[in-house]
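Breakdown of the fold
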Amino acid sequence: MLAIHGGTPVRSGVPWPRWPRYDERTEHELLAALRSQRWSVSWYSPRGGKSRERVFGEAFARYNGAAYGVSVDHGSGALVIALEALGIGPGDEVVVPAMTWVAPATAVLRVGAIPVLVDVDPETGCVTADHVREAITPRTTAVIAVHLACTAVQLDSILAVTGIAGLALIEDCSQAHGTRWAGRAVGTFGDIGVFSLGAAKTLAGGEGGAAVTDDEDLYRRMLMLRADSRGYTEHAPQPGEYELVELGEVMGGNYCMSELTAAVLLDQLSRLDDQHLRREQRAEELEAGLHAIPGLGSIPVPGPVDRRAIYEYGIRFAPDTFGSADIEQVAAAVTAELGTRVYPPRPSLHRSALLRPRTKPRFAHFWDEAAATARREFPGADHYREHTLLVHHSVLLGERAEVEDLLEALGKVRSESKSLTTKGESP
Ligand SMILES: *Cc1c(COP(=O)(O)O)cnc(C)c1O
């Protein structure tokens, strides 16, 4: 009997790997930042030297092989300053995939532009070149491509389209820190790569974000955009000196990262590659097991990807694998077997409860205009959502035993799937 109907669960009483992870070294770094009395890039340091957020920006750029990196408060903030740095604003349309977190769409609204939702590949949930091409109008100025869950956007073909059409490309790598395409980190192919460093992400600072670019002008603009029109002093500040100088070439807001967050992130960054390695090892075991269960499989990864980050591992299944049970029923049943969350992707943004521009006066008027021509059908996004189960990356930071439990639970729910739809019905 399935655990959801009162049967014995596949796993109970054995804890899952915890997330986020930290140890004495993290505590030491955090305490050092606290005691430095420099809690913000806007405040001076009694000891002098670069702020931790500046050091993190440089280290994160290096990690990605980018020339420049900017630390910010959130992935959402990174999206906003990226759009602003590219000069995107009222009158512009920005292509946004329908299958993603809501932030790429709300960031476009926040700069006064119109997010044009497009459908995605049903197997990967990622936007494709064809979807982008179909959405281009004379008002289109940029594309936000999201590397989703445990795979990557087909960059070669997207870059061909944005190149021909003269569109800016922002890569949202909030789910792909350190994914490499033909040896190079994603986020460095478009004009700007943006990252969330939120608590759930593979590089977690609690709340945090970053943007990387190879373009010095975009970098300078992003520095000012995120620090109320201020940039850095050329040299590390002396004791008691401020590190931010008022440049005022472009008006910004305050999207700065706290020094305490930067201390945590510097520690976390040094662990990221080891964690990627471990997750990939577990993912390969999982993949082999999935292919042995009829109807189950994994999310395809484009050939040029030679290292992927796994934010959420996606288990794909063919229609009918779980009989007539829907994705919510399957996810709830597998979750009950395991005691860790196994869940469907979020609904496509065209049905999301979170994308509600009419609830803010400053968005309402142009959203009505945009809605008149907006696409209403997103079969690719809907298919992806109905046929994918996700598990958080922390599940793959454990041992082989976790993978085996996952496979056993999937197999059990598959063979008992009839009971998900007949339970409670009279014979
Ligand atoms: C998490 C996430 C964001 C938002 O990041 P915040 O740091 O929460 O603002 C943006 N885009 C994608 C694809 C995400 O997964």
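Since this is a predicted model, take the numbers as computed values, not measurements.

**Quick look at the overall build of the protein chain**
Within the protein chain, the secondary structure is distributed over 13 helices and 16 strands. The C-alpha atoms of the protein chain give 23 Å as radius of gyration, which agrees with the globular expectation for 427 residues (22 Å, within 12%). Its C-alpha atoms give the protein chain principal-axis dimensions of roughly 75 × 55 × 40 Å. Looking at the protein chain as a whole, 56% of its 427 residues are labelled buried. Carbon together with sulfur atoms contributes 51% to the accessible area of the protein chain, which is approximately 18,100 Å² in total. With 43 positive and 56 negative side-chain charges, the protein chain shows a spacing of 3 Å between the two charge centroids.

**Examining helix α12 (residues 400–415)**
Compared with the 22 Å implied by 1.5 Å per residue over 16 residues, the 23 Å span of α12 between its first and last C-alpha is a close match. The complete set of buried residues in α12 reads Glu-402, Val-403, Asp-405, Leu-406, Leu-407, Ala-409, Leu-410 and Val-413.

**Describing the pattern of salt bridges**
Summed over all chains, the structure comprises 24 salt bridges. As a salt-bridge pair, Asp-23 and Arg-271 come within 2.7 Å of each other at their nearest N and O atoms. Taken as a pair, Asp-23 in the segment before α1 (24–35) and Arg-271 in helix α8 (residues 259–291) lie far apart in primary sequence, 248 residues in all. Here Arg-271 falls in the buried class, since its relative accessible area comes to 14%. Here Glu-249 and Arg-220 are joined by a salt bridge, their closest N and O atoms 2.7 Å apart. Residue Glu-249 is located in the loop between β11 (244–246) and α8, and its partner Arg-220 is located in helix α7 (residues 216–226); the two are separated by 29 residues in the primary sequence. We classify Glu-249 as exposed; its relative accessible area is 52%.

**What to know about the nonpolar core**
Core analysis: the biggest nonpolar cluster contains 108 residues, and Val-94, Tyr-313 and Leu-389 have the highest contact counts within it. Per element, the largest residue contribution to this core is 7 residues, and it comes from helix α3 (residues 75–85). When residues of this core are assigned to domains, at least three fall in each of domain 1 (24–271) and domain 2 (273–422). In contact with Leu-389, other than residues within four places in its own chain, are Tyr-313, Gly-314, Ile-315, Phe-317, Ile-327, Val-330, Ala-331, Val-342, Tyr-343 and Leu-410. Counting 24 residues, the second largest nonpolar core, distinct from the first, contains Phe-60, Ala-66, Ala-210 and Leu-269.

**Structural notes on the packing of aromatic side chains**
Considering all chains together, one arrives at 7 aromatic pairs under this definition. Ring centres of Trp-43 and Tyr-44 lie 4.7 Å apart, and the angle between their planes is 40°; on these two criteria the pair is classed as tilted. Overall, Trp-43 belongs to the partly exposed group, its relative accessible area being 41%. Tyr-44 gets classed as partly exposed once you look at its relative accessible area, which sits at 29%. Measuring from ring centre to ring centre gives 5.5 Å for Phe-56 and Phe-60, while their planes differ by 15°; the resulting arrangement is stacked. Remark: Phe-60 and Phe-56 occur in helix α2 (residues 52–64); sequence separation between them is 4 residues, near one turn of the helix. An aromatic cluster is built from Phe-56, Phe-60, Tyr-63 and Phe-195, whose rings are joined through pairwise contacts. Sitting over the face of the ring of Tyr-232, Arg-54 holds its NZ or CZ atom 4.3 Å from the ring centroid. Cation over ring: Arg-184 sits above Phe-189, and NZ or CZ is 4.0 Å from the ring centre.

**Some words on a negative patch on the surface**
Taken together, Asp-191, Asp-214, Asp-215, Glu-216 and Asp-217 make up a surface patch of like negative charges. Among the secondary structure elements, Asp-191 is positioned in the loop between β7 (184–185) and β8 (192–196). Taking relative accessible area as the criterion, Asp-191 reaches 32% and is therefore assigned partly exposed.

**What about the domain arrangement of the protein chain?**
Taken as a whole, the protein chain is organised into domain 1 (24–271) and domain 2 (273–422). On a C-alpha basis, the centroid separation for the pair domain 1 and domain 2 is 25 Å. Each side of the interface is counted separately: domain 1 has 48 residues, and domain 2 has 46 residues. Summing the contributions of domain 1 and of domain 2, the shared interface buries around 3,900 Å²; its carbon and sulfur component is 62%. In this assembly, domain 1 and domain 2 are joined by 1 salt bridge. Residue Glu-134 is joined to Arg-375 by a salt bridge in which the shortest nitrogen-to-oxygen separation is 2.9 Å. The interface formed by domain 1 and domain 2 includes 22 residue pairs in polar contact (both at pLDDT 80 or more). Sorting the residues of the side of domain 1 that touches domain 2 by element identifies β2 (93–97), α4 (103–110), β3 (114–118) and β6 (180–181) as the ones contributing at least two each. Grouping the amino acids of the side of domain 1 that touches domain 2 by side-chain chemistry returns 25 nonpolar, 13 polar and 10 charged.

**Considering the pairing of β2**
When you tally the buried positions in β2, you get 5 out of 5 residues, the bulk of the element. Of the two faces of β2, the one lined by Glu-93, Val-95 and Pro-97 and the one lined by Val-94 and Val-96 are each fully buried. Bridge count between β2 and β3: 5 bridges; the pairing is parallel. Directly across from Val-95, in β3, lies its bridge partner Val-116. A crossover links β2 with its parallel partner β3, the connecting element being α4, and its sense is right-handed. In this structure, β2 lies alongside strand β4 (residues 140–146), joined through 3 bridges in parallel fashion. Across the sheet, the residue bridging to Val-95 is Val-143, located in β4.

Calculation rules
Residues numbered from 1 in each chain as written. Predicted model: local features only at pLDDT ≥ 70, side-chain atom pairs only at ≥ 80, totals over all residues. Heavy atoms only, no water. Helix = DSSP H or I, 4+ residues; strand = E, 2+ residues; numbered from the N terminus. Rg over C-alpha atoms; globule rule 2.2 N^0.38 Å. Buried < 20%, exposed > 50% of the residue type's maximum accessible area, 1.4 Å probe, protein only. Areas by Shrake-Rupley, 256 points an atom, 1.4 Å probe, with all protein chains shown as cover. Lys, Arg positive; Asp, Glu negative; His and termini not counted. Charge placed at Lys NZ, Arg CZ, Asp CG, Glu CD. Expected span 1.5 Å × (residues − 1). Salt bridge = Lys/Arg side-chain N within 4 Å of Asp/Glu carboxyl O. Core = buried A, V, L, I, M, F, W, Y, C linked by side-chain atoms within 4.5 Å. Domains from an automatic or database assignment. Contact = heavy atoms within 4.5 Å. Phe/Tyr/Trp six-rings, centres within 6.5 Å; stacked < 30°, edge-to-face > 60°. Lys NZ or Arg CZ within 6 Å of the ring centre and 35° of its normal. Patch = residues over 30% accessible without salt bridge, like charges linked within 9 Å, V, L, I, M, F, W, Y side chains within 5 Å. Buried area = accessible area lost by both parts, 1.4 Å probe. Polar contact = N/O pair within 3.5 Å; in protein donor to acceptor, adjacent residues only side chain to side chain. Nonpolar A, V, L, I, M, F, W, Y, C, P; charged D, E, K, R; others polar. Pairing = 2+ DSSP bridges. Right-handed = clockwise from strand over helix to strand, strands pointing away.

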